[in-house]
Structures are given as structure tokens and as C-alpha cells.
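Residues per chain, in single letters:
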Amino acid sequence: MKSAWIPQSKLPNVGTTIFTVIGQLAEEHHALNLSQGAPNFACDPKLVEAASRAMRAGHNQYSPMSGVVALREALAIKTEKLYGAKYDPGTEVTVVASASEGLYASISALVHPGDEVIYFEPSFDSYAPIVQLQGATPVAIKLSSETFQIDWDEVAAKITPKTRMILINTPHNPSGSAFTAHDIERLTALTRDTQIIVLSDEVYEHVVFDGALHHSMARHPQLAERSVIVSSFGKSYHVTGWRVGFCLAPAELTAEIRKVHQFMTFSADTPMQIAFAEALGDESSYLGLGPFYQRKRDLLAKALAGSRFELLPSAGSFFMLARFGAFSEESDSDFVLRLIREARVATIPLSAFYTDGTDNRVIRLSFAKDDDTLLEGARRLCSI
Ligand code: GLN
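No experiment lies behind these values; they were computed from the predicted model shown.

What counts and how
- Residues numbered from 1 in each chain as written.
- Predicted model: local features only at pLDDT ≥ 70, side-chain atom pairs only at ≥ 80, totals over all residues.
- Heavy atoms only, no water.
- Helix = DSSP H or I, 4+ residues; strand = E, 2+ residues; numbered from the N terminus.
- Near = heavy atom within 4 Å.
- Polar contact = N/O pair within 3.5 Å; in protein donor to acceptor, adjacent residues only side chain to side chain.
- Areas by Shrake-Rupley, 256 points an atom, 1.4 Å probe, with all protein chains shown as cover.
- Buried < 20%, exposed > 50% of the residue type's maximum accessible area, 1.4 Å probe, protein only.
- Lys, Arg positive; Asp, Glu negative; His and termini not counted.
- Salt bridge = Lys/Arg side-chain N within 4 Å of Asp/Glu carboxyl O.
- Contact = heavy atoms within 4.5 Å.

Novice: Hey, could you run me through unusual backbone geometry in this one?
Specialist: Glycine aside, a negative phi is what most residues show, and trans is what most peptide bonds show. With an omega of -15 degrees, the peptide bond between Thr170 and Pro171 qualifies as cis. Secondary-structure assignment places Pro171 in the loop between β5 (163–169) and α7 (181–191). Put simply, Asn173 and Pro174 share a cis peptide bond, and its omega is 15 degrees. Mapped onto the secondary structure, Pro174 falls in the loop between β5 and α7. Of note in this structure, Phe266 is not a glycine but carries a positive phi near 65 degrees. Along the chain, the position of Phe266 falls in the loop between α10 (251–264) and α11 (270–280).

Novice: So what exactly am I meant to see when it comes to the site of the ligand here?
Specialist: What surrounds the ligand is the set Phe19, Gln36, Gly37, Phe124, Asn173, Tyr204, Lys235, Phe319 and Arg364. Arg364 places a polar side-chain atom, nitrogen or oxygen, 2.7 Å from an oxygen atom of the ligand. Protein contact buries 79% of the 300 Å² of open area that the ligand shows by itself.

Novice: Hey, could you run me through the side chain of Glu101 in this one?
Specialist: Within the secondary structure, Glu101 is located in helix α4 (residues 99–110). Buried charge without a partner: Glu101 forms no salt bridge, and the closest opposite charge is Arg243, 9.2 Å away. A polar contact of 3.0 Å, which involves the side chain of Glu101, links it to the side chain of Thr265. Leaving out residues up to four positions away in the same chain, Glu101 has contacts with Val96, His261, Met264 and Thr265.

The following block contains the structure:
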């Protein structure tokens, strides 16, 4: 149908998200999908049983706006046990319909027109558009193209009186890098005595490798008092389609976030929340996730050892980067298209995570896949 009028776009430079574009191409070409950070294997059947049981028991109406009480309580207990911070389930824990909603609600609630939000590229693709939609300015700082670490001197130089928020993500999508004690020290010093809010995307909080510590903002009291932590059950329980996430933040920040959340989705899916409350009672349900994905990371890396790619280290998340510049002059987008068509394996070009399209001839591989897919994907990548 033809539109009666053509609206002025609020996001003129944004197209369809890369995950959808590549997913469709992968389907068309019957390619193996190592692109999206979503498991292709089943979750624990007990989780499905718990959600089904909740449905059968009639828990099919709206949950409380801020989330099922038992789930908020379980989250508060888990956060204190793991990170030592006390969040009041009544006023400081909010269940949202996906981490994506949590990010949107937090930015929308706390960032005003004219504010600046510092974030780091390559970055997950929703950050900058959400900031723009508030009439605020996203200020991108590039991570080192070698180590994907933050240059804190550059952050110091880019902070202005208009800086309202610094948006971080650890473990990091798409690079697999993770915060160290040094990052925490610098972030703490730079935000001390300012009105800067830290929005911390920690959806991969349990996917940390090699025995390292996840540096949640909740571990560091001086950061926790100015932070909104956004995390997700989808990544931790292999159910990205269930769309349940949560926000942890001091009461004054939470009150503002809830004002937006109540008008975005009002509440998240009730039966799923009940199932997650039950699952959180068993700490092995999330504590085993690091070793689980580390094995997959290592399986993929080993299977690619004979390939022409240069693999970059991954300290956490579902992702590993691979350089191909040593054997191809193609842009990363062209290269990814060729991989889909010729090798029939789908990956994501790293340039998709830069607003200026920076292309260092790198692709992102997701190892959140069953072992057969990883091994077959690697075999196909070795043919290139
Ligand atoms: N977070 C996942 C990724 O980076 C999927 C995001 C999405 O499909 N919207 O691949």
C-alpha cells in the first residue's frame, strides 16, 4: 500500500539490522549460521516445564509492572552473592521484556535532548540509534583495533559538561574483550563527583572465560551508585526468544526507568518470569555457563587452526573475531557475502558495528552453536 504521506525519518541513516539481513541471506543460500548470537540448541527441559506449569496453573495475566516478586527477590539474592551488592527488590530491581527494552527504557528515561552519551565502537547496533531518538548526541570512541580495549585518555578528553552517560558493555559484543581492574579504576576516577550515569550492558555476565572475574558495576560500590546494569535471561538460559531481561539501579534511577518501562511494555511475560525465578534457585544454572561456552570457543578455535584466518582472543561473550586481511583485499561486507554464497557459512562483518563503517577486514563468529554446526562451519571456513 502507498503511504498517504512520507514521514521525515527519525533514523535516516539506519537500515534493517545486520542480524536480520544476514539471517535472511543465510536462509536463502542454505548457509550454516555462525552469525547471530543466539543458541541453535535446546534449553534445559526443566525450564520449559516450569514455564508450561506456570501457564497451566493460570499465570497468564500481567505480572506486576516491575516484575514477578519471586524473580526480583531471586535476582537480588544472586547479585549480592556474586557481586556483593545489595539491591532492594522492591525499588531497585526491574524485570523488563528483554535487555533491549532495558537499554531503551534506561536511555529514554535518563538522557535528555542535547545530552551527550559516550559509547564504544565497535558496538551493539542499537546503542547509537536509541540515543539519537532522544534528541541526544551519541559520541563514539573507537576501541583499539588490536586489543579492543578502551583508551581512557580519549574518554577523558571527550567528556564535556553535556556528558550525561557512558555506555559500556562487558563482556563485549562483538569483540569478546572484557573489562579488567584497570578499566574499573579509570572509569571510577573519571566519573567521581560528576553527574555521569554508567549504563552497563552485562548480558554476557556469566559467559566469562579462563577463570577471570566478571567486573560487574555491582562489584564496585562507587560505580554501582551511578550505574544502571542491564542483563538478560535469554543469554544465560539459552532462550533468547523469551525476551526477559532486568535492570539493577539505585532507587532514584529505577523510579525514572520504571516510568518509561510501564509505557513501553508494562510488564514482561509472566510464565517465563516464574520459570526463571525457579531456575535462579539452582546456581549451577548460571555458574556453569562460562566453562560451557569456553569449551565451544576452544572447539571452534581448534577447528579453525588450519584455516587462513587470524583469530583474535575472546575473553567472554558468544563471539570471536577473525581477520582475513592477510589473504583478501575484499571489504568485510563483500567477503561475508562471498562466504555465504561460496562457503555457505554466515558471519557478520565487523564494519556493521561502526557508525562510520570502519573496515579492518574482520568478521565476527558466534560460537553459541551446537558442536556439529561449529565443526562443519569451521570446515567450510577452512576451504576459503
Ligand atoms: N545479540 C545478538 C547478536 O549480537 C543478537 C541480536 C539480534 O538479533 N537482535 O548477534
